[in-house]
Amino acid sequence: MLNRRHIRIKVMQTIYAMHQKGSDSLEKEEKFLLSSIENLMELYLIMLSSLIELANKENDFIEVSRKKHLATPQERNPNLKFVNNAVLNLLKNSRSIDVALDTHKINNWKANDDAILLLLNDVKQSKIYDDYMNDTVSSFEKDQQFIVELFSEVIAPNEKLYSYLEDYKLTWVDDIPVVNTQILKQLKQLNPKSEFRVSSLFKDDEDREYAIALFRKTVLNEGEFAKEYIDKTPNWDVDRIAEMDTILLKMAICELLKFPSVPVKVTINEFLEIAKEYSTPKSSIFINGILDNLVKSYQATGRMNKSGRGLME
C-alpha cells in the first residue's frame, strides 16, 4: 500500500515533529514513526468498511420500511440493487476484512452511525446512484463500475466524511489519497470468483527496513549532513533557510551517500516533489540547485557508491 514517496513523507514529518519537540530520543521517535505508519492501516480499514456499512444501513432502512403499518407498495417491494450489489457482497463476505477489522478493533461506523447515515444520504442523492438503481440490466461488471464510480466520485471526496476523518485523527490528512488510491485499485481488480484480501501496509520487508533506516541514518548524521550543503549556499542565509528544507536536504543527502540501491535521479526527483508540496514556493528550486552541485561533487570524488544498472542516471 505504502509507496516510497509516502514513506519519505512519514520520515520527514517525524523528524520535523522531533525538532519541534526538542526530542533526542531516537527509540521513542522511531516508535512514533512506525505508529504513524500503522495508523494508515486503520484509515484504510475505516474507508473500506464504510462501503460495507453503507449497504448494511440501507438494508436496515428497507427492513424497517417494509414493516411499517401503512407501508407503500414501493416500501413493500423495494429496489434491492444496492444492498445486493455483487462487489459489496464480496466485501461483506471477505474473511480477510473481518479478521483485520477485529484485529485493529475498527468499529467507527457502529460507534458513529450518524456519520455513515449522512454519507448514505449523499450517496442516495447522487446521479451515479440514481442511474444505477434505474438500470434494469444487471451484471458483475455493472455492479463493479458503479462501486468504483461511487467510491471515487461520491465517497472519497465527501466533505462530511473528510471532516470526520480529520477530526478523528489529524495525521490522516496526508494519508487519505494513498488509502483511497489503494482501495480503488483493489476494487477495479475484483472479479466474480475473487476474494477480497486486505492489502499489506508495506510492499515487502525491504520497504519497512528502508523507512527505519532512512529515519535513523538521517537523525544520527544530521550534523554531518548539514556540513555538506552549508558552503553550497553562498546566496542564502543558512539560519533563515526553511527548517523543512534543511530536513529534506539531509534526507536526500542521506539517500545519496548511504543507500546504494536508490538511483540518484529517483532521490532528487522524489525530494523535489515533496518540497513542492510541503515547503515554500521556492524550496524545490533551492533544493534542486544544492543537490545538483552535491551530486557533481560526489561523482567527481567517488563518494557515492551506487549499485545496479542505471543508478547514476
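Participant: Any chance you could break down the overall build of the chain for me, citing the residues and the numbers?
Facilitator: The helix and strand tally for the chain stands at 16 helices and 0 strands. Overall, the C-alpha framework of the chain stretches about 85 × 40 × 35 Å when taken along its three principal axes. Per-residue burial over the chain gives 49% buried out of 313 residues. Put simply, 80% of the contacts in the chain that link residues at least 6 apart link residues at least 24 apart. Split by element, the accessible area of the chain, about 16,500 Å² in all, is 49% carbon and sulfur. With 42 positive and 48 negative side-chain charges, the chain shows a separation of 3 Å between the mean positions of the two kinds.

Participant: An account of unusual backbone geometry is needed here, citing residue identities and associated values.
Facilitator: Unusually for a residue other than glycine, Lys105 sits at a positive phi of about 55°. Mapped onto the elements of the fold, Lys105 is located in the loop between helix H5 (95–103) and helix H6 (108–111). Take Lys105: its relative accessible area is 69%, and that puts it in the exposed class.

Participant: An account of the nonpolar core is requested, with residue identities and associated values reported.
Facilitator: Counting 100 residues, the largest nonpolar core has Tyr44, Met47, Phe82, Phe151, Ile155, Leu165 and Leu187 as the members making the most contacts within it. Looking at which element gives the most residues to this core, the answer is helix H2 (residues 26–66), with 15 residues.

Participant: Run through the packing of helix H12 (residues 205–220) against helix H14 (residues 243–258), naming residues and quoting values.
Facilitator: The N-to-C vectors of H12 and H14 enclose an angle of 110°; their axes lie 9 Å apart at closest approach. The angle between H12 and H14 places the two elements in the roughly perpendicular class. Counted together, Tyr210, Leu214, Lys217 and Thr218 of H12 and Lys250, Met251, Cys254, Glu255 and Lys258 of H14 form the full contact between these two elements. Looking at the contact of H12 with H14 residue by residue, the class counts come to 4 nonpolar, 1 polar and 4 charged.

Participant: Please set out helix H16 (residues 283–301) residue by residue, giving values where relevant.
Facilitator: Its 19 residues place the ends of H16 27 Å apart at the C-alpha level, agreeing with the 27 Å of an ideal helix rising 1.5 Å per residue. All buried positions along H16 are accounted for by Ser283, Ser284, Phe286, Ile287, Ile290, Leu291, Leu294, Val295 and Tyr298. Projected down its long axis, H16 carries its buried residues within an arc of 155°, all on one side. Projecting away from the buried face of H16 at angles above 90 degrees are the exposed residues Ile285 and Ala300. The elements touched by buried residues of H16 are helix H13 (222–230), H14 and helix H15 (264–278). Following H16 by one or two positions, Gly302 has its phi on the positive side, about 70°.

Participant: I'd love a proper account of the pattern of salt bridges, names of residues and values included.
Facilitator: One pass over the structure, following the stated rule, counts 22 salt bridges. Linking Glu270 and Arg5 is a salt bridge whose minimum nitrogen-to-oxygen distance equals 3.0 Å. Of the two residues, Glu270 is situated in helix H15 and Arg5 in helix H1 (residues 4–21); the sequence distance between them amounts to 265 residues. Relative accessible area serves as the criterion here: at 32%, Arg5 is assigned to the partly exposed category. In the salt-bridge network here, residues are joined through shared partners; they are Arg5, Arg8, Glu255 and Glu270.

Participant: Talk me through the packing of aromatic side chains; I want residue IDs and the actual numbers.
Facilitator: Under the counting rule described, the total for this entry stands at 7 aromatic pairs. Look at Trp109 and Tyr164: their rings are 5.3 Å apart centre to centre, the planes differ by 40°, and that puts the pair in the tilted class. Placement of the pair is Trp109 in helix H6 and Tyr164 in helix H10 (residues 159–168), with a sequence separation of 55 residues. For the pair formed by Trp109 and Tyr164, the shared burial category is buried.

Participant: Pulling in residues and values, what's your account of the confidence of the model for the chain?
Facilitator: Note that predicted coordinates carrying low pLDDT should not be read in detail. Summarising the model, the chain shows a mean pLDDT of 91, and 96% of its residues fall at 70 or more. For the chain, helix H3 (residues 73–76) is the element with the lowest average pLDDT, namely 81, and helix H9 (residues 140–155) is the one with the highest, namely 98. Overall, residues 309–313 carries pLDDT values under 50, and its contacts beyond four positions in sequence, including any with other chains, amount to 11 contacts.

Participant: So what's going on with H2? Residues and values would help.
Facilitator: For H2, spanning 41 residues, the distance from its first C-alpha to its last is 60 Å, which sits close to the expected 60 Å at 1.5 Å a residue. Ser50 marks where H2 bends most, by close to 30°.

The rules we used
- Residues numbered from 1 in each chain as written.
- Predicted model: local features only at pLDDT ≥ 70, side-chain atom pairs only at ≥ 80, totals over all residues.
- Heavy atoms only, no water.
- Helix = DSSP H or I, 4+ residues; strand = E, 2+ residues; numbered from the N terminus.
- Buried < 20%, exposed > 50% of the residue type's maximum accessible area, 1.4 Å probe, protein only.
- Contact = heavy atoms within 4.5 Å.
- Areas by Shrake-Rupley, 256 points an atom, 1.4 Å probe, with all protein chains shown as cover.
- Lys, Arg positive; Asp, Glu negative; His and termini not counted.
- Charge placed at Lys NZ, Arg CZ, Asp CG, Glu CD.
- Core = buried A, V, L, I, M, F, W, Y, C linked by side-chain atoms within 4.5 Å.
- Axes fitted to C-alpha atoms, helices over the stretch in contact; angles between N-to-C directions.
- Parallel < 35°, antiparallel > 145°, perpendicular 65-115°, else oblique.
- Nonpolar A, V, L, I, M, F, W, Y, C, P; charged D, E, K, R; others polar.
- Expected span 1.5 Å × (residues − 1).
- Arc of directions from axis to C-beta.
- Salt bridge = Lys/Arg side-chain N within 4 Å of Asp/Glu carboxyl O.
- Phe/Tyr/Trp six-rings, centres within 6.5 Å; stacked < 30°, edge-to-face > 60°.
- pLDDT = per-residue confidence, 0-100.
- Bend = angle between axes of the 7 residues up to and from the residue.

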